[in-house]
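Residue-level listing of the chains:
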Amino acid sequence: MIGNLLWRQFINPHRRHPLVLIRLFSDQQSQSQYIQLSQQMCESMQVCSSTPTARKLHAQLISTGLCFSIFLQNHLLHMYFNCHSLHDATLVFSAMEFPNVFTYNTMITGLGNAGTIGKAKEVFDQMPHRDSVSWNSMMSAYFRNGKYEDVLEVFVFMFRNFTCFINLLSFSCAMKACGALACFRWASQLHGIAEKFDFGRANLSIRISVLDMYIKSGKISHAEKVFLSIPNPSLFCFNSMLYGYSNSYGIGKALNLFNRMPERDNVSWSTMISVLSQHGLSVPSLSMFIDMCTQGFRPNSMTFACVLGACTSICDIKWGTHIHAWMVRMGTIIDVYVGNGLVDMYAKFGRLDLARRVFNSLIEHNAVSWTSLINGTAHCGNEEEALLLFNQMRQIPIALDEFTLAIILKVCSHPNSVFIGSQLHAITIKTGMASFVTVGNSLITMYSKCDDPQKAISVSEMMKVRNIITWTAMINAFSKAGDVKNAQACFEKTPDCNVITWNSMISMYIQHGFWECSLKLYVQMQRERIIPDDITFATSISACADLAMLKLGTQIIVQAEKLGFGSDVSVANSVVTMYSRCGQIDEAQKVFDLISMKNLVSWNSMIAGYAQNGHGRIAIEIFKSMLRMEYKPDHITYISVLSGCSYAGLVTEGKHYFDSMTKDYGILPTHEHFTCMVDLLGRAGLLEQAKTLIKEMPFMPNVDVLGALLSACKIHWNSKLAEFAAKNLLELDVDKSGGCILLAHIYSDCGKLEDVADIRKLIKDKGIQKNPGYSWIEVDNQVNVFAVNETNHPRIKEIWTMIDVVVDALLLNVQVDEFSAE
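Here is a short report on the structure shown in this document. Small disclaimer: the values here were computed from a predicted structure and weren't measured. Position numbers for residues start from 1 in each chain and track the written sequence from start to end. Residues qualify for local features only when their pLDDT is at least 70, as the model is predicted, and side-chain atom pairs are given and counted only at 80 or more; totals for whole chains, interfaces and linings, by contrast, use all residues. Side-chain measures were taken over the full set of non-hydrogen atoms in the model, leaving aside hydrogen atoms and water.

Overview of the overall build of the protein chain
Item 1. Put simply, DSSP marks the helices as runs of H or I at least four residues long and the strands as runs of E at least two long, and each gets a number from the N terminus on. Counting its regular elements, the protein chain contains 48 helices and 2 strands.
Item 2. Buried means the residue's accessible area, taken with a 1.4 Å probe over protein chains only, is under 20% of the maximum for its type, while exposed means over 50%, and partly exposed covers the values in between. Looking at the protein chain residue by residue over its 822 residues, the buried ones come to 45%.
Item 3. Summed over its atoms, the accessible surface of the protein chain is roughly 43,700 Å², and 56% of this surface lies on carbon and sulfur atoms. Accessible surface is estimated by sampling points in the Shrake-Rupley manner with a 1.4 Å probe; for residues, cover comes only from the protein chains shown.

A word on the pattern of salt bridges
Oppositely charged side chains can pair when the atoms bearing their charge come close.
Item 1. Each reported salt bridge corresponds to a side-chain nitrogen of Lys or Arg within 4 Å of a carboxyl oxygen of Asp or Glu. Taken as a whole and judged by the stated rule, the model has 8 salt bridges.
Item 2. Between Glu653 and Arg617 there is a salt bridge, with its nearest N and O atoms 3.7 Å apart. Taken together, the residues span a long stretch of sequence, with Glu653 in helix α41 (residues 651–665) and Arg617 in helix α39 (residues 616–628) at a distance of 36 residues.
Item 3. Residue Arg617 is classed as exposed on the basis of its relative accessible area, which comes to 54%.

Considering the packing of helix α33 (residues 515–527) against helix α35 (residues 550–562)
Item 1. Note on definitions: angles span 0 to 180 degrees between N-to-C directions of axes, and those axes are lines fitted to C-alpha atoms, for helices only across the stretch in contact. Close contact between α33 and α35 brings their axes to 13 Å; oriented N to C, the two are set at 35 degrees. Viewed along their axes, α33 and α35 form a crossing whose handedness is left-handed. Here Leu519, Tyr522 and Gln526 of α33 come into contact with α35, specifically with Leu552, Ile556 and Gln559.
Item 2. Among the residues forming the contact of α33 with α35, the class breakdown is 4 nonpolar, 2 polar and no charged. Definitions for this section: a left-handed crossing has its near helix turned counterclockwise from the far helix by less than a right angle. A right-handed crossing has that turn clockwise. Residues are treated as being in contact if the distance between any of their heavy atoms lies within 4.5 Å. Only Asp, Glu, Lys and Arg are considered charged in this grouping, and only Ala, Val, Leu, Ile, Met, Phe, Trp, Tyr, Cys and Pro are considered nonpolar; every other residue, Gly among them, is considered polar.

Here's the deal with the environment of Val307
Item 1. Of note, Val307 is situated in helix α20 (residues 301–313).
Item 2. Owing to a relative accessible area of 0%, Val307 belongs among the buried residues under this scheme.
Item 3. Through-space distance from the C-alpha of Val307 to that of Val338 is 9.9 Å; in sequence the pair is 31 residues apart.
Item 4. Non-local contacts of Val307, meaning those with residues more than four positions away in its chain, are made with Ile273, Leu286, Phe289 and Ile323.

A short note on helix α5 (residues 70–82)
Three- or four-residue spacings in an α-helix give side chains the same orientation, since the helix completes a turn every 3.6 residues.
Item 1. By this rule the span expected of a helix is its residue count minus one, scaled by 1.5 Å. An ideal rise of 1.5 Å per residue puts 18 Å on 13 residues; α5 measures up with 18 Å between its terminal C-alpha atoms.
Item 2. With 10 of its 13 residues buried, α5 lies for the most part within the structure.
Item 3. Note on α5: the residue one or two positions beyond its end, His84, has a positive phi of about 60 degrees.

Quick look at the structure:
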């Protein structure tokens, strides 16, 4: 057959060559030899895979005079493309005098495979005549290079060109491109065209392509109709529906379909394991992995990666090491995907030695490998080592991606690394990644945590595209800057606020003392049917604790229990704090006892609760119980313990714990600890010891320390020491009136009226304004705030009328008592 084709090529008058014709027509034997040689050359070119060998074959083709055969020239093009020698193929094509359709199709396919889609388009446009293969080759070239819109555009032109027949491959390529674009409008039109030309009923592969197209377009209901119309769905159809159900309907329907599948393969099992892992169902994911192995299916790299992620989620390194050992025992090739999963797992469990060993054993390292190791190292608190690893990655070099930059920017999110963070910011601009949303979000967060909110705000203003994380980070940045007004404006601009955004606003209001606003926002959140999470309840209950709003706090606690957050440790800790501050210490103890997994915050909340309610000895007993449970105290724990000793007058115990804080646990005392000790000594009348302690402080005393000493001086009428405290207090805080007022009261109690007059003159001369005192009361779920000489309350007349009634009643009772005494 090939001999006849070659002969027709040679006797074609358009391709005659004098030397070839003389040799061909000299005798029949020569003709047979040349045909046999041509067959051998064709077979050699089909199996050739190296450029030097290809060029030798090309030279042999020229020396034998067969280089003018269009048939062999097309094989020559195909051979050079198989050898990835694009230059040689282009030279052959440019030297061809009479290329045919097959020649152009070969060039389009070869150039498309090589990624030179522009040149492929030029060849396509130069074609004098096209067949269906030409159109399909151009569509396939666009698809392989990710030009999905161009695929559909070529399909439209082909559809309008009545000289070419649209075949199954045309529809299949167009539907794949439509699925990649997730464009339902195009998907429905392609489906309609396929049905109109009767491709859907005539060929099962078209229906499978339609099914896959609808699933990738996110239209699972349309995919389900196509799936049910297939008489005997293939395993590919079932696997596609598993993926579609899991994305659209959740895990339930996907698992139901999996259980009804007549047969399963590795893809089926791996899909379900991946789905379970992605939905946070780590234990069922591991259980299904065991069933897969028990039934004789061999997991692939992606399966192992999902299972290792599930091991990380359940915080069980034994499962991870067991699976790792199983892979080694079965001779599984640990490729870059599995290796990345192992590195990430060991690093997150704090086993950096094992993570490093796996990392070093990998033949290939990509950006994910380095990012996993860097992230794990930073997760273990080794920020400097993480930065060194990043430098090593840059020196290799490994191409940076947006996720690596986001991770390393997170490492720099503290004030000590702000200079390095600024350098990384410059790298993001240089590499053009500053426009990536993930990188921009990390920059905003970094500058916010580095106490530079203005730069965070400027980064956000430069971002062209923002997502919900961006808006939430901006709210946190404005909150850090104390700009409540702009934070509110940012919240109002945020499209489709999620629960994290609401939580950020609630937390901001609480941090800046706007507790009422935070609770109003919580109520608004309920009205807009935003489902709260554990952080929402924890912060809202904390606001109720700060306002001592027991009734509203109890209602929020009931809502938390109704939604299943009652047992959450962060919520329970907030409940303990709220009950304690509202004087309900017994209720706080009950909630504390019900916490199954207590953390250090739980113990600190309970100790502080007893201390604030004057039960200093019980607070110390709780502290001792915490130590017996092998919890390591922190500086907050000792603030609560020392406060309890101060309220209960336990001087000896207070001194003991103040000394043991540094001696036993290496906790250096802060201003708060010294304030507690000064208050403790001052209440006990040991004012000189308190003064000595202040002088021995390793840093200058602040307003709280001196204020505690001044308050103690008032209790014990020590005007001399009060003058020392007030003098230093005024130097630190001239704009506050508290110290001056307190000193004036001390002089008044001691009968030093001239000194009282001097203090009042000082207040007047310096223009110090006395901050008004406020009190509030909750009535019918509404907080009413009152100041001295309040006139702005809407019911102030009724209030004053009631006060007059109460005063008259008190005066009447006094007169009755005096009359009875007489």
